[in-house]
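# Survey of secondary and tertiary structure
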Amino acid sequence: MEGLHVDMENAVEQGFFCGARVGEEGYSLTHLFYADDALFVGEWDDRNVANLIIILNCFYLVSGLRIDLQKSNLYGVGTTMQEVEEMADNWNEVVQRLKKRLANWKVKPLSIGGRLTLIRFILGGLCIYYMSMFKILETIIKLLEALRATLFCGGDDIQRKISWIKWEIVLNSKDKGGLGVGSLKALNLVLLQKWHWRFVTDINSIWVKVIRSIHGVKKLEMGVVLDFGKMFGWQMKFLWIADQLSALRGLLRQIQMSDQSDTWEWALDPNDSFSVCGTRRHIDNFILQEGVIGTRWCNLFPIKVNVFIWRTLLNRLPTRVNLVDKGIDLPTVLCPSCSLHVEEYNHVFVSCDVADKIWEKVIKWLDLPFPLFSNIEEIFAWVTSASLGRNKKKALETMVLTTIWMIWQYRNNVVFQTPSMKRSNIFESVVILSFDWFTNRLRLSRSNITWTL
């Protein structure tokens with residue numbers, strides 16, 4: 001794209017292409033390049049369009065990169081502000097694009113970890129261009145969030161799935177009890193705020209010159225007013241009134257000024273620089289519901305296992321008691337593994353006969369004083385408070401959480417009658433799987449590790 005930029009600059013200098021004049025200063029705007037797109041702006045003239053095609057053909061002969069004119073669009077600009085605002089409010093194209101993308105994905109075979117990855121890194125970026133230019137309507141935000149929540153639960157337009165945890169909690173950061181997805185509302189606000197920040201810090205950028213040329217920077221006796229107008233649906237003004245300006249001058253007399261140039265600082269960031277990620281998290285902390293406890297997240301485990309542990313601590317697993325509470329009619333609420341007690345999450349992982357025998361073997365394997373637990377929260381508290389070295393504590397966490405994971409896998413095998421796992425093989429699976437996760441994630445040589453504490 002750098003070569004095409006040079007070609008356009010030369011064409012403008014030679015009078016071969018005339019850009020669009022904007023603002024009182026008559027700033028010439030000719031082209032804008034994006035990651036995978038290009039926008040050319042010029043006077044509405046047959047000769048101008050013909051010369052642009054010649055420039056693109058010359059660029060193709062030199063670089064070998066052909067511009068497909070059949071896939072390009074030509075627009076004439078001369079619309080009213082009302083038409084621009086109506087276009088800004090029309091988010092139907094974004095919604096339909098999101099629905100089309102979801103329809104093309106085969107999400108049903110994906111684990112909850114795979115769906116979470118799609119939501120965080122793919123769906124969140126589909127409409128970034130629109131969100132960085134216009135403020136989204138609340139109704140559109142709710143619709144887009146509903147589509148993301150449906151994907152997270154594994155459902156679609158035809159089949160709905162049970163929502164075990166409020167989507168607002170899922171959106172929150174991990175230290176606030178969520179999964180760090182982030183809300184679209186916060187993303188929209190922070191992307192608009194990024195323009196504010198860049199306007200006062202990147203004063204030599206082309207777009208800043210264009211905005212200043214169109215709307216002007218008015219110097220008044222009592223201060224400076226920066227008025228963006230309603231070009232992008234947002235405004236920013238700095239206005240000093242006379243009393244405030246007088247008080248400021250009084251404070252400045254007491255300060256020893258340096259010869260360094262003035263700079264802007266962002267108070268929400270420890271580095272005093274604007275950050276989309278940090279500011280988005282700050283906004284979410286104010287607008288989203290906070291979870292009961294912070295999310296326990298271990299990078300040694302796959303994402304689906306971390307999400308499972310998160311749901312376990314919140315008691316949001318599909319145990320039979322929880323399913324009945326959701327209005328699901330079941331023939332029995334007894335534990336499918338032992339058929340002796342009601343199946344609730346503490347019974348599944350702690351007091352069930354199957355879990356009790358597994359923990360006995362794990363205790364002998366760990367060779368640590370292992371107190372009796374009455375609920376699963378006490379197990380996690382014991383792991384957190386264990387007085388061990390850094391690597392040994394990571395190994396302990398891996399072993400214990402893998403045990404919880406395998407107990408649930410065995411329970412599911414019993415419920416859905418899949419003969420892939422026998423009760424006698426649970427402990428062996430715990431040892432093998434925990435060893436694989438620990439060594440693979442830390443990239444350790446397996447030959448030098450004795451897998452015991």
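Described below are features of the structure shown in this document. A quick note: this is a predicted structure, and the numbers were derived from the prediction, not measured. All residue numbers refer to positions counted from 1 along the written sequence of the respective chain. pLDDT decides what is reported in this predicted model: residues at 70 or higher carry local features, side-chain atom pairs at 80 or more are listed and counted, and totals for whole chains, interfaces and linings draw on all residues regardless. In computing side-chain properties, one takes all heavy atoms of the structure into account and sets aside hydrogens as well as water.

A few words on the packing of helix α17 (residues 376–385) against helix α18 (residues 390–415). The geometry of α17 relative to α18 is characterised by a closest axis approach of 9 Å and an angle of 165° between their N-to-C directions. Classified by the angle between their axes, α17 and α18 sit roughly antiparallel to one another. The handedness of the crossing between α17 and α18 is right-handed. Of α18, the residues touching α17 (which contributes Ile376, Ile379, Phe380, Trp382, Val383, Thr384 and Ser385) are Lys393, Leu396, Glu397, Val400, Leu401 and Ile404. When residues are sorted by character, Ala, Val, Leu, Ile, Met, Phe, Trp, Tyr, Cys and Pro go into the nonpolar class, Asp, Glu, Lys and Arg into the charged class, and all the rest, Gly among them, into the polar class. Within the contact of α17 with α18, the residues separate by chemical class into nine nonpolar, two polar and two charged. Lines are fitted to the C-alpha atoms to define the axes, a helix being fitted only along its stretch in contact, and any angle between axes, read from their N-to-C directions, falls within 0 to 180 degrees. Strands are runs of DSSP state E lasting at least 2 residues, helices are runs of H or I lasting at least 4, and numbering of each runs from the N terminus. Each angle receives one of four descriptions, namely roughly parallel if under 35 degrees, roughly antiparallel if over 145, roughly perpendicular if within 65 to 115, and oblique otherwise. Should the near helix be turned counterclockwise from the far one by less than a right angle, the crossing is left-handed, whereas a clockwise turn marks it as right-handed. Every residue pair with non-hydrogen atoms within 4.5 Å of one another is taken to be in contact.

This brings us to the pattern of salt bridges. Any Lys or Arg side-chain nitrogen located within 4 Å of an Asp or Glu carboxyl oxygen qualifies as a salt bridge. In the structure shown here, the tally under the stated rule is seven salt bridges. Between Glu343 and Arg411 there is a salt bridge; the shortest N-O distance is 2.7 Å. Of this pair, Glu343 sits in the loop between α14 (320–325) and α15 (345–351) while Arg411 sits in helix α18, and the two are 68 residues apart along the sequence. The two residues Glu343 and Arg411 agree in class, both being buried. Where Arg423 meets Asp353, a salt bridge forms, and the shortest distance between an N and an O atom there is 3.8 Å. Residue Arg423 is located in the loop between α18 and α19 (426–442), and its partner Asp353 is located in helix α16 (residues 353–366); the two are separated by 70 residues in the primary sequence. Salt bridges sharing partners connect three or more residues here, namely Asp353, Lys357 and Arg423. Relative accessibility decides the category of a residue: with a 1.4 Å probe and only protein chains considered, values under 20% of the type maximum give buried, values over 50% give exposed, and everything between is partly exposed.

A few words on the nonpolar core. The biggest cluster of nonpolar side chains holds 45 residues, and the ones touching the most others in it are Phe349 and Ile404. Counting residues per element, this core draws most heavily on α18, which supplies 11 residues. Those residues within four positions of Phe349 in sequence are excluded, and the remaining contacts are Phe308, Thr312, Leu317, Ala355, Trp359, Ile376, Ile404, Ile407 and Trp408. We call a set of buried residues a nonpolar core when its members are Ala, Val, Leu, Ile, Met, Phe, Trp, Tyr or Cys and they connect through side-chain atoms within 4.5 Å of each other. Listed in part, the 43 residues of the second largest apolar core include Ile119, Val181, Phe274 and Val307.

Let us now look at the environment of Phe380. Residue position: Phe380 is located in helix α17. Residues Phe380 and Arg296 lie 84 residues apart in sequence; the distance between their C-alpha atoms is 9.4 Å. Phe380 has contacts with Arg296, Ile309, Leu313, Leu401 and Ile404, leaving out every residue within four places of it along the chain.

On to the side chain of Thr398. Take Thr398: it is sitting in helix α18. Taking relative accessible area as the criterion, Thr398 reaches 0% and is therefore assigned buried. Those residues in contact with Thr398 that lie beyond four places of it in its chain are Leu300, Phe301, Ser434 and Phe438.

What follows concerns the environment of Lys422. With respect to the helices and strands, the residue Lys422 is situated in the loop between α18 and α19. Along the primary structure Lys422 and Tyr410 are separated by 12 residues, whereas in three dimensions their C-alpha atoms are 7.7 Å apart.

Ring pairs are drawn from Phe, Tyr and Trp, using the six-membered ring of Trp, whenever the two centres fall within 6.5 Å, and their geometry is named by plane angle: stacked under 30 degrees, edge-to-face over 60, tilted for the rest. As enumerated under the stated definition, the model contains 12 aromatic pairs in all. Among the aromatic residues, ring-to-ring pairing joins Phe308, Phe349, Trp405 and Trp408 into one connected group. Geometrically, a charge over a ring is one whose NZ (Lys) or CZ (Arg) sits within 6 Å of the ring centre while staying within 35 degrees of the ring normal. Just above the ring of Trp297 sits the side chain of Lys174; from NZ or CZ to the centre is 4.6 Å.

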